[in-house]
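# Observations on the model geometry
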Amino acid sequence: MNSKTQTFAFIGLLAGLGLLGTILPDRAFSETENRYLAKRPKVTWEKLVSGKLGSEYDKYLSDQFPGRDGWVRVQAESEKLFGKKDINGVYLGKDGYYIEKFDTEDLDGPVLYANLEKIRAFALDAAQKLGENHVRMMLVPSASEILKDKLPFAAAPYDQGRVFGELFSAGASDPEQSVPETEQTAVWVPVEEMLSRHSREPIYYRTDHHWTSLGAYYGYQAWAESLGLKPWEPGAFDVAPVTENFLGTIASKLSLGQNSAEPISIYQPKRPVEYEVFYDGGAEGHSELYSWSYLDKKDKYSVFLDGNHGLTEIRNNSIRQGTLCPEGKGKRLLIIKDSFAHSMAPFLANHFETVYMVDLRYFNMPVSRFMEESQITDVLVLYQIPGFAKEKSVANLR
């Protein structure tokens, strides 16, 4: 086949795919990527003049391109053959780890600094109202910060330890706002130290950005130790995989196949514990902390507490009835969080009569009012650092 024939064949292929794209209905949701896809943009004069219409249309065409998942896989596999170790924002790490890449420009910006000031002020205010030993803040580093031995040679991701330096220096330029360092640091859980001590264990998924249940257990352990509480020992749980076929959000970026799948394990208390879980203020309670139907779907991580909800309420009726953890009776924990909390909350639920989880992206009520009306006794703010650095809803923390 000569070069001219190849050119015409390529043009014909693109034209055919373009025609196919106009015939096929748009997809609303991608299970592979676990996100909603771009809709056809509405044409307005303002968008046309500003150039916004062009960028929206590019994203729409990219999301709705016929056979998109297959093309992503082909591109990733071809780049692997050429020896690339950084594909589509993902490091191809050692031992089968796929680790999200975060550069300084990805995280270090005005949203991060505004969020740090917001939660710092919230923490100090909550500590004054509830007491210092009833408030904890936990910013969890991603795998690129903890699993440095898994990163490819010469990888230089953003130093997430800088976030804590910025956090503790916040307000220092304003003498009226600054507080002693001991007060600033007392409510912060040193989770990065705990995770670093266990970095050779499987504490992060290989194909997803979340920590594993083991990683969440160590996060729970760090939280308990910071409060002087005795965490439940690993031997108090039955630990078992509930699926072997998990492919997470990072796998979706590269359209990895089932040969990269991994297990999700859960920790179930060996002693009987009676839970009741309510989502978004619903009247119907659920007797388990796990939504098993998600194991038959792409988004298997949502097996933990049914995924994202504006408000999740976990009642521990065993504590309420006095058959478990008597010191937890009457205690109500509020977790302000992202999805990293979903696999850690089952551990925390064994220490409180009630645990509330609030996702500020979907929760419209002022947090201060909710705390007062729900008679909150304890608070935990829990976010993964990269997500926190870009999450604009933290501005709603009031």
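About the thresholds
- Residues numbered from 1 in each chain as written.
- Predicted model: local features only at pLDDT ≥ 70, side-chain atom pairs only at ≥ 80, totals over all residues.
- Heavy atoms only, no water.
- Helix = DSSP H or I, 4+ residues; strand = E, 2+ residues; numbered from the N terminus.
- Buried < 20%, exposed > 50% of the residue type's maximum accessible area, 1.4 Å probe, protein only.
- Contact = heavy atoms within 4.5 Å.
- Areas by Shrake-Rupley, 256 points an atom, 1.4 Å probe, with all protein chains shown as cover.
- Core = buried A, V, L, I, M, F, W, Y, C linked by side-chain atoms within 4.5 Å.
- Pairing = 2+ DSSP bridges.
- Axes fitted to C-alpha atoms, helices over the stretch in contact; angles between N-to-C directions.
- Phe/Tyr/Trp six-rings, centres within 6.5 Å; stacked < 30°, edge-to-face > 60°.
- Expected span 1.5 Å × (residues − 1).
- pLDDT = per-residue confidence, 0-100.
- Polar contact = N/O pair within 3.5 Å; in protein donor to acceptor, adjacent residues only side chain to side chain.

Let us look at the overall build of the chain. For the chain, the helix and strand inventory stands at 16 helices and 13 strands. The buried share of the chain, reckoned over its 398 residues, is 49%. Across the chain, every contact between residues at least 6 apart in sequence was considered, and the portion connecting residues at least 24 apart equals 70%. Counting every atom, the chain has about 19,600 Å² of accessible surface; 54% of that belongs to carbon and sulfur.

All right, on to the nonpolar core then. M138, W211, W223 and M344 are the most contacted members of the largest nonpolar core, which has 61 residues in total. For this core, the element with the most residues is helix 11 (residues 213–227), which contributes nine residues. Once you skip the residues sitting within four places of it in the chain, M344 turns out to touch M138, W211, A216, G219, Y220, W223, L380 and L382. Residues A123, A126, V367 and F388 belong to the second largest nonpolar core, which totals 37 residues.

Within the open sheet, the six strands sit side by side as 6-13-11-12-10-9. Their pairing is mixed. The sheet is open, and its two borders are formed by strand 6 (135–140) and strand 9 (275–279), each paired with just one other strand. Going from strand to strand, the sheet's axes swing by 15 degrees on average, the running direction of each strand aside. In terms of strand pairing, strand 6 meets strand 13 (residues 378–384) through six bridges, oriented parallel. Bridging across to strand 13, R136 finds its partner in L380. In the packing of helix 6 (residues 110–130) onto the sheet, the strands contacted are strand 6, strand 11 (332–337) and strand 13, and the crossing angle to strand 6 comes to about 155 degrees. Together, strand 6 and strand 13 form the strand contacts of helix 11, whose direction differs from that of strand 6 by roughly 150 degrees.

We now examine the sheet that holds strand 5 (residues 98–100). On the basis of which strands lie adjacent, the open sheet formed by three strands has the order 3-4-5 and antiparallel pairing. Of all the strands in the sheet, just strand 3 (86–87) and strand 5 have a single pairing partner and so form its edges.

Quick look at the packing of aromatic side chains now. The final tally for this structure, using the stated rule, is 19 aromatic pairs. Between the aromatic rings of F237 and F347, the centroid separation amounts to 5.4 Å while the plane-to-plane angle is 85 degrees, which identifies the pairing as edge-to-face. With F237 in strand 7 (residues 237–246) and F347 in helix 14 (residues 345–348), the pair connects residues that are 110 residues apart, well separated along the chain. For the residue pair F237 and F347, the accessibility class agrees, reading buried in each case. Ring plane angle 90 degrees and centroid distance 5.2 Å describe the contact between Y356 and F370, whose orientation is recorded as edge-to-face. One end of the pair, Y356, is in strand 12 (residues 354–358); the other, F370, is in helix 15 (residues 367–373), with 14 residues separating them in the sequence.

Compared with the 30 Å implied by 1.5 Å per residue over 21 residues, the 30 Å span of helix 6 between its first and last C-alpha is a close match. Considered for burial, the residues of helix 6 that qualify are L112, N115, L116, I119, R120, F122, A123, L124, A126 and A127. Of the residues one or two after helix 6, G131 is the one with positive phi, at around 105 degrees.

Moving on: the confidence of the model for the chain. Summary statistics for the chain give a mean pLDDT of 85 and a share of 76% for residues scoring 70 or more. Of the regions scoring below 50 in pLDDT, residues 171–182 engages in ten contacts with residues more than four places distant in sequence or in other chains.

It helps to recall that an α-helix has 3.6 residues per turn; residues three or four apart then point in one direction. Counted at 1.5 Å a residue, the expected span for helix 11 with its 15 residues is 21 Å, and the 21 Å between its end C-alpha atoms agrees. Counting buried residues in helix 11 gives 13 out of 15 residues, a clear majority hidden from the surface. Just past helix 11, the residue G228 takes up positive phi, approximately 75 degrees.

Next up on the list: the side chain of E313. Among the structural elements, E313 can be located in strand 10 (residues 311–316). One polar contact links E313 to R315, side chain to side chain, over a distance of 2.7 Å. When residues no more than four places from it in sequence are discounted, the contact partners of E313 are E276, V277, F278, T354, V355 and Y356.

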